[in-house]
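Below, each chain spelled out in residue letters.
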Amino acid sequence: MNPKDISTSVPKKDHKGKVSGQLPYISDVKVENMVYGVLYRSPIAYGKIISIQMPDLPEGYEAIGAEHIPGPNYVKIIKEDQPIFANEWVNYIGEPILMIVGKDLAVLYRLLDDVKVEFEEHEAIYTLDEAIKQKSAPGVTMASYEFGESLEVISAIEQGAYQIIEEEYETGYQEHVYLEPQGMLGIYKDDEIVVQGSMQCLYYIKNALLNALACGDDEVRVVQSPTGGGFGGKEDYPSMMACHVAVAAKVVKKSVMLVFDRSEDMVVTTKRHPAKINYKTALDKEGNILSMQVEIFLDGGANVGLSSVVLQRALINSAGVYKIPHFHAKGYVLKTNTVPNGAFRGFGAPQSFAGIESHIGHLSKLAKIDPLEYKRKYLVKQGDPTITKGQFRDPILMEEMIEDLVNTTNYKKKKEEFQLFNQQNGRYKKGIGTSLFLHGCGFTGSGERDHIKATVKLVKSKDHKVMLKISNSDMGQGIYTTLSKIVAQELDLPYEDIFYPDPDTKEVPDSGPTVASRTTMIVGKLLERAAKNLKAQWKSGVEQEVVEHYVHREMIPWDEKNFTGDAYPAYSWGVNFVEIEVDTLTGNVKLENVYGNYEVGKVIDERIMKGQIDGGLAQGLAYGYLEKMTSKEGRIQQKSITDYGPPTSMDVVTIESKVFDNPYADGPYGAKGAGELTLIGGAPAVQAAIEDALQTSFQQIPITPEVVIESLWTREGEAG
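Everything quoted here is computed from the prediction, not taken from an experiment.

## Digging into the overall build of the chain
- Looking only at helices and strands, one finds 20 helices and 26 strands in the chain.
- Taken over the C-alpha trace, the chain has a radius of gyration of 26 Å; the compact-globule value for 720 residues is 27 Å, and the two agree within 12%.
- Viewed in the frame of its principal axes, the chain has a C-alpha envelope of about 75 × 70 × 50 Å.
- For the chain, the residues scored as buried account for 61% of the 720 residues in total.
- Accessible surface for the chain amounts to roughly 28100 Å². Of this, 50% is attributable to carbon and sulfur atoms.

Below, the structure written as structure tokens:
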């Protein structure tokens, strides 16, 4: 490794195992005395369980339900509203009621068909619109927050305004489409239950198991298997599956494997929250913003899960990268009798940025100013307050990043060329769109200090090999490599002498969950400090161990109730330019050029960062125009990857990207978070490009071919 610059790429730690196909994922694992589990799920959206009639089970087959849970029957997340096995009420189609375990999957599925459950059906809430109408009814609002300028002040401003623009914006579901579906194995031992599987957050799972099994700390052990992608989908959901296999293993005294196929995974696991966002903006005669009110509604699905935190992030990002005078925001998570929604890369920010970028773009049209020029007028600068009365403390390089892309793409000339092309062409139209965005790094507010309290450990062997003992999981994003590099660099050791075994709660302290763009910045910094200490007390030929605990940066204290203070210690920033061509006959949108400039402090590995950019942008762009998932009367309609339509290699073009150096003092070697940032700008940029091509406005994503055709018909109808 080049000792001068940590950014120089090295071979990934898990490269050989993955490329050779030797790495065993959870569904490859076979242990002795192992049986399989299948879940009987609710066929109705909302109702009471009256009776359950089981078929005769062959020898060696058993049914596991709520009555077998030693502890309380809920999955420990934030609130106690998600049963491990539903035993009184069911709240969504697909909710697990019981599990049958046995040796042969074919027999299990046959038995599942013969289970008879009698329900008393009740009226369900199927859509976010229905939930909004009923939001004051008991139990419908699962979380809400409000903050900002007083409404009296805003009301006075609105009365003196030249015009008030009201706009409603809508975003749909997004499915994670991780390559490896959800899978969990509960291994039975006399003195402990070991749960291993595809996961992001080992200690979330361990805490859920301690609660469900009502047992001692040393009776449960959680081990991460190699994980084939997560994107947030393996943050909250695996806790429920872990409870299923652990309870079953305890009952049958055998090891229990639960693995979903793709269609089960798509229908019952958490999604990105659909959202409705309302904007009410007062403008003066020149089209300048005088005040803005934002109202966000998130569809939580049947259980609250992590939705309250997703809403917090959506609200914190509701003004985008802009300094909006007299800003007020409020938001709600509402309950519907549909599959619960949960963590997804960006955690509420992608919905907010899709909305605010679209709204600001539409305001620029009213002001007859180029959208990018209009956006630049309102950009936040270093020293500005955040919308929660925190502060942007560090240098902000947005202007340089924008200017760089304006020059690279020849933006002004390109706009003129596209205009000319569109005048001369009937069927094909070209457009260019931009998005400006940021992402807070780490947990919201004082979450790191008050809730997570991360701890890391380094262990040196007699022969000077160093092992990372942390609970963070690599799911393809490359932390095995980046965190090993940080320790190698600090200790002046060869990268090959640093080891990072699959995390196991028996071996590693709780260094916090692998979420929220926190791992490199927070855990990486702790490891850098631990390595510094180890170096200072280094003794040849003896084993040594160093432990480090999280220390909070002094900031404006975060008040979650009133939504004031510093929401994050630092921010990462990004700019996307997207050029597209729309076929007005079919409504198909074709990407032509995609550009991304990012500022993530200091990059720890260039190749891994490029992977994050390419993957994140592909996912973000697809959220804007390709991926459509719908729920009909509580049932997810897309059960296969083909039905859902994530991007293939044919849909994605070569992405031209650049990373700007802006080292952050409290990050390892100056690094900040990068994982979520790269997704956020895709959807708003592609929407803006489609609008530019068609000279029309859209109030939703995804803008699928159907949406394009419908808007063209509407326009023709109006013209005719």
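## Things to note about the environment of Leu-151
- Inspection of the secondary structure puts Leu-151 in helix α4 (residues 151-159).
- Along the backbone, Leu-151 and His-326 are 175 residues apart, and their C-alpha atoms lie at a distance of 9.3 Å.
- Setting aside anything within four residues of it in sequence, one finds Leu-151 in contact with Glu-146, Gln-293 and His-328.

## Some thoughts on the layout of surface pockets
- In this model, the second largest pocket occupies a volume close to 830 Å³.
- Lining the second largest pocket are 35 residues, with Ile-78, Tyr-204, Phe-443, His-451 and Ile-452 sitting closest to its centre.
- Among the secondary structure elements, those contributing two or more residues to the lining of the second largest pocket are α5 (202-213), α8 (307-316) and α13 (447-452).

## Thoughts on the packing of aromatic side chains
- One pass over the structure, following the stated rule, counts 14 aromatic pairs.
- Considering the side-chain rings of Tyr-237 and Phe-260, the 6.2 Å spacing of their centres and the 70° angle between planes classify their relative orientation as edge-to-face. Note that Tyr-237 is positioned in helix α6 (residues 237-252) and Phe-260 in the loop between β12 (255-259) and α7 (262-268), a separation of 23 residues in sequence. Take Tyr-237 and Phe-260: they sit in the same class, and that class is buried.
- Ring centres of Tyr-374 and Tyr-378 lie 5.4 Å apart, and the angle between their planes is 55°; on these two criteria the pair is classed as tilted.
- Overall, the relative accessible area of 0% leaves Tyr-374 in the buried class.
- Judged by its relative accessible area of 9%, Tyr-378 is buried.
- Following the ring pairs from residue to residue traces out a cluster consisting of Tyr-145, Phe-147, Trp-558 and Phe-563.
- Just above the ring of Tyr-495 sits the side chain of Lys-13; from NZ or CZ to the centre is 4.2 Å.

## Observations concerning the side chain of Ser-352
- Within the element layout of this structure, Ser-352 appears in helix α9 (residues 349-366).
- In this structure Ser-352 comes out as buried when scored by relative accessible area, which is 1%.
- Once residues within four sequence positions are removed from consideration, Ser-352 is found in contact with Ile-277, Tyr-279, Ile-296, Ala-314, Leu-315, Asn-317 and Ser-318.

## What to know about empty space enclosed by the protein
- What the rule picks out here adds up to five cavities of 30 Å³ or more.
- The computed volume of the largest cavity comes to approximately 100 Å³.
- The wall of the largest cavity is formed by 14 residues, among which Ile-77, Gln-82, Asp-236, Thr-270 and Pro-340 lie closest to the centre.
- Approximately 90 Å³ is the volume found for the second largest cavity.
- Here the lining of the second largest cavity is composed, by residue class, of eight nonpolar, one polar and four charged.

## Looking at α6
- Its 16 residues place the ends of α6 24 Å apart at the C-alpha level, agreeing with the 22 Å of an ideal helix rising 1.5 Å per residue.
- Among the 16 residues of α6, 14 are classified as buried, and the element is accordingly described as predominantly covered.
- Immediately downstream of α6, the backbone of Lys-253 shows phi near 55°, a positive value.

## Thoughts on the sheet that holds strand β2 (residues 47-53)
- Spatial strand order, β4-β2-β6: three strands in an open sheet with antiparallel pairing. Taken across any chain shown, the strands that pair with only one partner, and hence form the sheet edges, are β4 (89-90) and β6 (116-121).
- As paired elements, β2 and β6 share six bridges and run antiparallel to each other. Looking at the pairing, Gly-47 lines up with Glu-121 of β6.

## Comments concerning the pattern of salt bridges
- Under the defined criterion, the tally for this structure stands at 44 salt bridges.
- Residue Glu-545 pairs with Lys-457 through a salt bridge whose shortest N-O separation is 3.9 Å. Taken together, the residues span a long stretch of sequence, with Glu-545 in strand β20 (residues 544-549) and Lys-457 in strand β17 (residues 455-460) at a distance of 88 residues.
- Because the salt bridges share partners, they merge into one network encompassing Lys-189, Glu-192, Arg-221, Asp-504 and Lys-506.

## Examining the nonpolar core
- Trp-573, Ile-580 and Ile-690 are the most contacted members of the largest nonpolar core, which totals 99 residues.
- Counting residues in hydrophobic clusters, the runner-up holds 42 residues, among them Met-184, Ile-193, Leu-202 and Val-252.

## Things to note about the sheet that holds strand β22 (residues 589-599)
- In space, the four strands of this open sheet follow the order β16-β21-β22-β25, with mixed pairing throughout. Lying at the two open borders of the sheet, with one neighbouring strand each, are β16 (428-441) and β25 (655-660). Each strand axis lies, on average, 15° off the axis of its neighbour in the sheet, ignoring direction.
- One ladder, built from six bridges, connects β22 with β25; its direction is parallel. Note on β25: the bridge partner recorded for Gly-596 is Ser-657.

## Here we look at the pairing of strand β9 (residues 183-188)
- The element β9 is largely enclosed, with a buried count of five among its six residues.
- Judged from the four bridges that link them, β9 and β12 form a sheet pairing that is antiparallel. Bridge assignment links Met-184 to a residue of β12, and that residue is Leu-258.
- Strand direction decides the pairing type here: β9 and strand β10 (residues 193-197), joined by five bridges, are antiparallel. Note that in β10 the partner of Gly-186 across the bridge is Val-195.
- Linking β9 to β10, which pair antiparallel, is a turn of four residues.

## Topic: the environment of Leu-405
- Mapping Leu-405 onto the fold places it in helix α11 (residues 398-409).
- Taking relative accessible area as the criterion, Leu-405 reaches 2% and is therefore assigned buried.
- Sequence separation of Leu-405 and Asn-597 is 192 residues, and the distance between their C-alpha atoms is 7.6 Å.
- Sequence-distant contacts of Leu-405, that is, excluding residues within four places in its chain, are made with Asn-410, Val-575, Phe-577, Tyr-595 and Asn-597.

## Some remarks on unusual backbone geometry
- With an omega of 0°, the peptide bond between Ile-701 and Pro-702 qualifies as cis.
- Despite not being glycine, His-464 has its phi angle at roughly 70°, a positive value.
- Phi is positive for Phe-563, close to 60°, though the residue is something other than glycine.
- Relative to the elements of secondary structure, Phe-563 occurs in the loop between β20 and β21 (570-583).
- You can call Phe-563 buried: its relative accessible area is 1%.

## Focus: the confidence of the model for the chain
- Taken over all residues, the pLDDT of the chain has a mean of 97, while the share at 70 or more is 99%.
- At the low end of the mean pLDDT range in the chain sits α13, at 91; at the high end sits strand β14 (residues 289-301), at 99.

So, how was this worked out
Residues numbered from 1 in each chain as written. Predicted model: local features only at pLDDT ≥ 70, side-chain atom pairs only at ≥ 80, totals over all residues. Heavy atoms only, no water. Helix = DSSP H or I, 4+ residues; strand = E, 2+ residues; numbered from the N terminus. Rg over C-alpha atoms; globule rule 2.2 N^0.38 Å. Buried < 20%, exposed > 50% of the residue type's maximum accessible area, 1.4 Å probe, protein only. Areas by Shrake-Rupley, 256 points an atom, 1.4 Å probe, with all protein chains shown as cover. Contact = heavy atoms within 4.5 Å. 1 Å grid on protein atoms, 1.4 Å probe; cavity = no way out; pocket = protein on both sides within 12 Å on 5 of 7 lines; lining within 4 Å. Points joined across faces, edges and corners; volume = space filled by probe spheres on them. Phe/Tyr/Trp six-rings, centres within 6.5 Å; stacked < 30°, edge-to-face > 60°. Lys NZ or Arg CZ within 6 Å of the ring centre and 35° of its normal. Nonpolar A, V, L, I, M, F, W, Y, C, P; charged D, E, K, R; others polar. Expected span 1.5 Å × (residues − 1). Pairing = 2+ DSSP bridges. Salt bridge = Lys/Arg side-chain N within 4 Å of Asp/Glu carboxyl O. Core = buried A, V, L, I, M, F, W, Y, C linked by side-chain atoms within 4.5 Å. Axes fitted to C-alpha atoms, helices over the stretch in contact; angles between N-to-C directions. pLDDT = per-residue confidence, 0-100.

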